[in-house]
Amino acid sequence: MPLFLSVFIKFFFLLTPFFVLSMFLALTKGMGARERRLTAVRVTLAVAVVTMVLFYFGNAIFEVFGITVDSFRIGAGALLFLSAVSLVRGRPGADAGQGEGDISVVPLAIPIAVGPATTGALLVMGASMPAQDRLVGSGALLAAVACMGVVLVLSAHVRRLLGHMGIEILTKLTGLILSALAAQIVFTGVRNFLGLGA
């Protein structure tokens, strides 16, 4: 249970649900309640599939490109830190644009919910997690995605409850937590790369 909670919290903030919520509200502005709910469900399913693929195939991807987990940790941590700074300073991805057609996969699932930084962090976490913990980790990941989905399905209620300012505050708080997570990922990568041990 401690492992599940720890991984769940990391993944929940990694998915930046409140930033995704603000973008979801902006991109679904002209939709009816039923269409918005269906879009939220499709976004959740798309994010679940993408994150599970990244989580389980990290080692294979590293082997194909001949890179180490620790070098990827440093790169992913740097990207994640830049994303965290963007969340704190403003609204990254706000220019993703409202493309024609279904917006649930692109741009909402990718790259708003699962952007380059989130992709890197998922690859690192999945590749560095012991095999016996993978099942618990994937369960925690799916639980985090489901919570993000609930936030999106109830987006209208959440907006009324928190207001625009409340969502912005939670988005910036998410950015602060992500910056700390990014620093930890980079420090771990540098430490292991230099062979400094635990």
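A closer look at the overall build of the protein
- Each helix and strand in the protein was counted, giving 9 helices and 0 strands.
- Taken from N to C terminus, the helices and strands of the protein fall in the order α-α-α-α-α-α-α-α-α.
- Radius of gyration (C-alpha) of the protein: 17 Å, near the 16 Å computed for a compact globule of 198 residues.
- Taking the principal axes of its C-alpha atoms as reference, the protein extends roughly 55 × 35 × 30 Å.
- Across the 198 residues that make up the protein, the buried fraction comes to 44%.
- Expressed as a percentage of contacts within the protein between residues at least 6 apart in sequence, the contacts between residues at least 24 apart total 89%.
- Side chains of the protein give 14 positive and 8 negative charges; the mean places of these two sets differ by 9 Å.

Structural notes on a nonpolar patch on the surface
- Side chains of Val41, Leu45, Val150, Val153 and Leu154 sit close together on the surface and give an oily, nonpolar patch of about 390 Å² of accessible area.
- Among the secondary structure elements, Leu154 is positioned in the loop between α8 (134–153) and α9 (155–193).

Here's the deal with the nonpolar core
- Grouped together as the largest cluster of nonpolar side chains are 54 residues, with contacts concentrated most on Phe11, Leu14, Val47, Leu80, Met148 and Leu152.
- Those elements that place two or more of their residues in this core are α1 (2–14), α2 (17–27), α3 (33–56), α5 (69–89), α6 (104–113), α7 (116–128), α8 and α9.
- The contacts of Met148, once residues within four sequence positions are left out, are Phe12, Leu15, Pro17, Val20, Val43, Val47 and Ala113.

Some points on the confidence of the model for the protein
- Predicted confidence across the protein gives a mean pLDDT of 87, with 93% of residues reaching 70 or more.
- Within the model, pLDDT remains below 50 along residues 93–100, and this stretch shows 8 contacts once partners closer than five positions in the same chain are excluded.

Regarding the packing of aromatic side chains
- Overall, the coordinates contain 7 aromatic pairs when judged by the stated rule.
- Consider the rings of Phe55 and Tyr56, whose centres lie 5.4 Å apart with planes at 90 degrees: the pair is edge-to-face.
- Plain terms: the ring middles of Phe62 and Phe72 are 4.9 Å apart, the flat faces sit at 55 degrees to each other, and that makes the pair tilted. A residue pair is termed long-range when its members are at least 10 positions apart, and Phe62 in helix α4 (residues 58–65) and Phe72 in helix α5 qualify at 10 residues.
- Take Phe62: its relative accessible area is 4%, and that puts it in the buried class.
- Phe72 sits in the partly exposed class, given a relative accessible area of 22%.
- A network of ring pairs unites the aromatic residues Phe4, Phe8, Phe12, Phe13 and Phe18 as a single cluster.

Quick notes on α5
- A rise of 1.5 Å per residue sets the reference length of α5, with its 21 residues, at 30 Å; its end C-alpha atoms lie 30 Å apart and thus fit the reference within 8%.
- Three or more residues of α5 are buried, namely Asp70, Arg73, Ala76, Gly77, Leu80, Ala84 and Leu87. When α5 is viewed along its axis, its buried side chains cluster within an angular range of 110 degrees and face the same direction. Facing away from the buried side of α5 by over 90 degrees, the exposed positions are Leu82 and Arg89.
- Of the surrounding secondary structure, the elements contacted by the buried residues of α5 are α1, α2, α7 and α9.

Some details on the packing of α1 against α7
- Contact geometry for α1 and α7: axes closest at 11 Å, N-to-C directions at 160 degrees. Compared by their axis directions, α1 and α7 come out roughly antiparallel. Relative to α7, the crossing made by α1 is left-handed. For the pair formed by α1 and α7, the contact residues are Lys10, Phe11 and Leu14 on the first element and Thr118, Ala121, Leu122 and Met125 on the second.
- Residue classes in the contact of α1 with α7 are distributed as 5 nonpolar, 1 polar and 1 charged.

About the criteria used
Residues numbered from 1 in each chain as written. Predicted model: local features only at pLDDT ≥ 70, side-chain atom pairs only at ≥ 80, totals over all residues. Heavy atoms only, no water. Helix = DSSP H or I, 4+ residues; strand = E, 2+ residues; numbered from the N terminus. Rg over C-alpha atoms; globule rule 2.2 N^0.38 Å. Buried < 20%, exposed > 50% of the residue type's maximum accessible area, 1.4 Å probe, protein only. Contact = heavy atoms within 4.5 Å. Lys, Arg positive; Asp, Glu negative; His and termini not counted. Charge placed at Lys NZ, Arg CZ, Asp CG, Glu CD. Patch = residues over 30% accessible without salt bridge, like charges linked within 9 Å, V, L, I, M, F, W, Y side chains within 5 Å. Areas by Shrake-Rupley, 256 points an atom, 1.4 Å probe, with all protein chains shown as cover. Salt bridge = Lys/Arg side-chain N within 4 Å of Asp/Glu carboxyl O. Core = buried A, V, L, I, M, F, W, Y, C linked by side-chain atoms within 4.5 Å. pLDDT = per-residue confidence, 0-100. Phe/Tyr/Trp six-rings, centres within 6.5 Å; stacked < 30°, edge-to-face > 60°. Expected span 1.5 Å × (residues − 1). Arc of directions from axis to C-beta. Axes fitted to C-alpha atoms, helices over the stretch in contact; angles between N-to-C directions. Parallel < 35°, antiparallel > 145°, perpendicular 65-115°, else oblique. Left-handed = near helix turned anticlockwise from the far one by under 90°. Nonpolar A, V, L, I, M, F, W, Y, C, P; charged D, E, K, R; others polar.

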